[in-house]
Amino acid sequence: MTLAAKISLGCIADDYTGASDLANTLTRAGLRTVQTIGVPADDLALPEVDAVVVSLKSRSIEAGLAVSRSRAADKWLRGRGASHVLFKICSTFDSTDAGNIGPVMDALRADCGEGAVLVTPAFPETGRTVYQGNLFVGAVPLNESPLKDHPLNPMHDSNLVRVLARQSRTQIGLVDLATVTRGADAVRARLAELASKGIGAAIIDAVFDRDLETIGLVAAEHRLSVGASGIGLGLARALVSTGKVKSAAASGATGAAVGGPAACLAGSCSQATLQQIANAERVMPVLHLDPDRILTGAGEAQRALDWARPRLAEGPVLIASSSTPDQVAALQARHGRDAAGHAIEQTMADIAESLVRSGVRRLVVAGGETSGAVVDRLKISGFLVGVEIAAGVPVLRAVGDGGAMLLALKSGNFGGAEFFSDALRLMR
C-alpha cells in the first residue's frame, strides 16, 4: 500500500538517531510522522501522514555515495508531494572538509533549483545555538566543548561559515541574529540579497526558540533547507500556523504491548553515554566488550551472546563497546580509524541480530553509527513514532514484515543519567 495522500514535509536524515530525533520533534509539534529506513519501497504499508523522515546512514560514508543516496530520497519525497525537503544533519554539524554536508546540500540545491538555502544546526531546547555563524554548546563554542571529539567526525572549528565553505562548491553567507530578530520579512530580504550575489547558502543565527519560528516561516517558502531538529520544529510550526497542516494530537503512536526480553546496546563513546552505562550497572547486568578482541577476531560477539542468553529471562541486559576518547584514539592508532569503527559496528549488529533471534523484542541502542548498523542488519523498513523517552529520543514501533518490536535509538549525547532504565520503563 502506498501513501494515502500527499505529504506536506519531506526530510532526509544523515543518520538513524538523528532521524528519530527529528521524527519525535515533528510529532510533538502536531505533524503525523513516519520514519523510514532508507528510501521506501512503493509498496511499504504506511498510514496517512503529514511528514516522512527518510533515514540514511550517510554521515560518515564516501561523499559521492552520500550524494547519490540523498538524491534518491529527495526524488522519492518530492514524488509524493513534498514541496519542501529538509536535509537533517547533526546539531554539532558533524562532518569533515570532504563532507558530507556540503556535497549533499550542493546536489539537492541543484536538483530543486533553489537560490540560497538556509542552514542552521541550532536547537536552543537542547543547548545548541548559533551566533554570528558560530555554533555554541551551552555557554561555550563547539570547539571548546566535550562534543568536539567525535571519533569519526571531530569538530574543531565552531565557525560554520568557514566549515561549510570548505566542503561546498558555493559561497556561504550569514544571516545574523540582528536580522532574525527583525522578523521574517528581514530574513527574506537578506536571503534575496545573498542570492543576488551568487551566494548559494547561508548560515542563519538562532539563540531562542522564537528564532526557529521565524526561520521556519521563511524556509517553508523555499524548496530546501539544511539543519538539525530545531529548524524542523520551525518548519512544523510554520505549516500548522499557515493552515497547510491541521495539527494532530502529539501523543505519538500507540499499540499493543510487546513484552518479552529486553536488551540494551551501547556503542557511543560520548561522556553522556559513558555515564549512563555506569549508572545502568546499578540496576542491570552490564558486559563491557574488549575492542581489541573484536579487531583481532577473537570471538567477542559469541562471548557476549553466551553471557547474555542465560540472563535475559531475569531481566534486561546491557552490552557496551563504548570507550573513553583516549582509549578510542589508542585503538584507532593500532588498527586504523575506519577499520576500528566498522568492525565494532558490525559486531554490535551481529549481537543485535542474534539477540532478536533469541526472542528480544525490545531493544535500546546508544550511538548513531551503532544504531545504523543494528537497524540495517535487522532489515526494519520503518517506524511509527511513539512517546518521548528524553528530548530527541522517542519509542519507535517497527512497521513492515518483521513482527512487533520496539526500539529506542539514542544519539550519544542525548538522554538523562538514567536513560536506559527510563527507556525500558516506557517500552512495554
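- For the chain, the name recorded in an unreviewed UniProt entry is 3-oxo-tetronate kinase, with Bradyrhizobium huanghuaihaiense as its organism.
- On record in UniProt, under Function (unreviewed entry), the comment for the chain is "Catalyzes the ATP-dependent phosphorylation of 3-oxo-tetronate to 3-oxo-tetronate 4-phosphate."

A word on the packing of helix H1 (residues 16-28) against helix H8 (residues 229-241)
Part 1: The interhelical angle for the contact between H1 and H8, taken along N-to-C directions, is 25°, at an axis separation of 9 Å. Relative to H8, the element H1 lies roughly parallel. As H1 packs across H8, the resulting crossing turns out to be right-handed. Taken together, the residues of H8 that come into contact with H1 (itself represented by Gly-18, Asp-21, Leu-22, Thr-25 and Leu-26) are Ser-229, Gly-232, Leu-233 and Ala-236.
Part 2: Along the lines of polarity and charge, the residues of the contact of H1 with H8 split into 4 nonpolar, 4 polar and 1 charged.

Re the domain arrangement of the chain
Part 1: Along its sequence, the chain is carved into domain 1 (9-241) and domain 2 (262-426).
Part 2: Using C-alpha coordinates to define each centre, domain 1 is positioned 27 Å away from domain 2.
Part 3: Taken together, the contacts link 25 residues of domain 1 with 30 residues of domain 2.
Part 4: Of the roughly 2,400 Å² buried between domain 1 and domain 2 on both sides combined, carbon and sulfur atoms contribute 60%.
Part 5: Put simply, domain 1 and domain 2 have 3 salt bridges between them.
Part 6: One salt bridge in this structure joins Glu-345 and Lys-57, with 3.3 Å as the shortest N-O distance.
Part 7: The interface formed by domain 1 and domain 2 includes 8 residue pairs in polar contact (both at pLDDT 80 or more).
Part 8: For the side of domain 1 that touches domain 2, the element with the highest residue contribution is H1, accounting for 8 residues.
Part 9: In the side of domain 1 that touches domain 2, the residues fall into 11 nonpolar, 8 polar and 6 charged.

With respect to the sheet that holds strand E8 (residues 140-141)
Part 1: Overall, antiparallel pairing links the 3 strands, which are arranged E6-E7-E8 in an open sheet. Because the sheet does not close on itself, it has two edges, and the strands there are strand E6 (128-131) and E8.
Part 2: Of the strand pairs in this sheet, E6 and strand E7 (residues 134-137) are connected by 4 bridges, and their pairing is antiparallel. Counted as the bridge partner of Tyr-131 is Asn-134 from E7.

Thoughts on helix H11 (residues 300-312)
Because each turn of an α-helix spans 3.6 residues, side chains separated by three or four positions end up pointing in the same direction.
Part 1: Given a rise of 1.5 Å per residue, 13 residues ought to cover 18 Å, and the 18 Å separating the end C-alpha atoms of H11 matches this to within 8%.
Part 2: For H11, the full list of buried residues reads Glu-300, Ala-301, Ala-304, Leu-305, Trp-307, Ala-308 and Leu-312.
Part 3: Summarising the contacts, the buried residues of H11 are in contact with strand E12 (262-266), strand E13 (286-288), helix H10 (291-295), strand E14 (317-320) and helix H13 (337-357).

Thoughts on the pairing of strand E17 (residues 393-399)
Part 1: Counted residue by residue, E17 has 7 buried out of 7 residues, so it is predominantly covered.
Part 2: Examined bridge by bridge, strand E16 (residues 382-390) and E17 share 6 bridges and lie antiparallel to one another. Residue Leu-384 lies in a different strand from E17, and its bridge partner there is Arg-397.
Part 3: Linking two consecutive strands that pair antiparallel, namely E16 and E17, is a turn of 2 residues; a positive phi of about 85° is found at Gly-392 within it.
Part 4: Across 2 bridges, E17 lies against strand E18 (residues 406-410) in antiparallel orientation. By the bridge assignment, Arg-397 is partnered in E18 with Leu-406.

Analysis parameters
Residues numbered from 1 in each chain as written. Predicted model: local features only at pLDDT ≥ 70, side-chain atom pairs only at ≥ 80, totals over all residues. Heavy atoms only, no water. UniProt positions renumbered as here; feature names shortened; annotations may be inferred. Axes fitted to C-alpha atoms, helices over the stretch in contact; angles between N-to-C directions. Helix = DSSP H or I, 4+ residues; strand = E, 2+ residues; numbered from the N terminus. Parallel < 35°, antiparallel > 145°, perpendicular 65-115°, else oblique. Left-handed = near helix turned anticlockwise from the far one by under 90°. Contact = heavy atoms within 4.5 Å. Nonpolar A, V, L, I, M, F, W, Y, C, P; charged D, E, K, R; others polar. Domains from an automatic or database assignment. Buried area = accessible area lost by both parts, 1.4 Å probe. Salt bridge = Lys/Arg side-chain N within 4 Å of Asp/Glu carboxyl O. Polar contact = N/O pair within 3.5 Å; in protein donor to acceptor, adjacent residues only side chain to side chain. Pairing = 2+ DSSP bridges. Expected span 1.5 Å × (residues − 1). Buried < 20%, exposed > 50% of the residue type's maximum accessible area, 1.4 Å probe, protein only.

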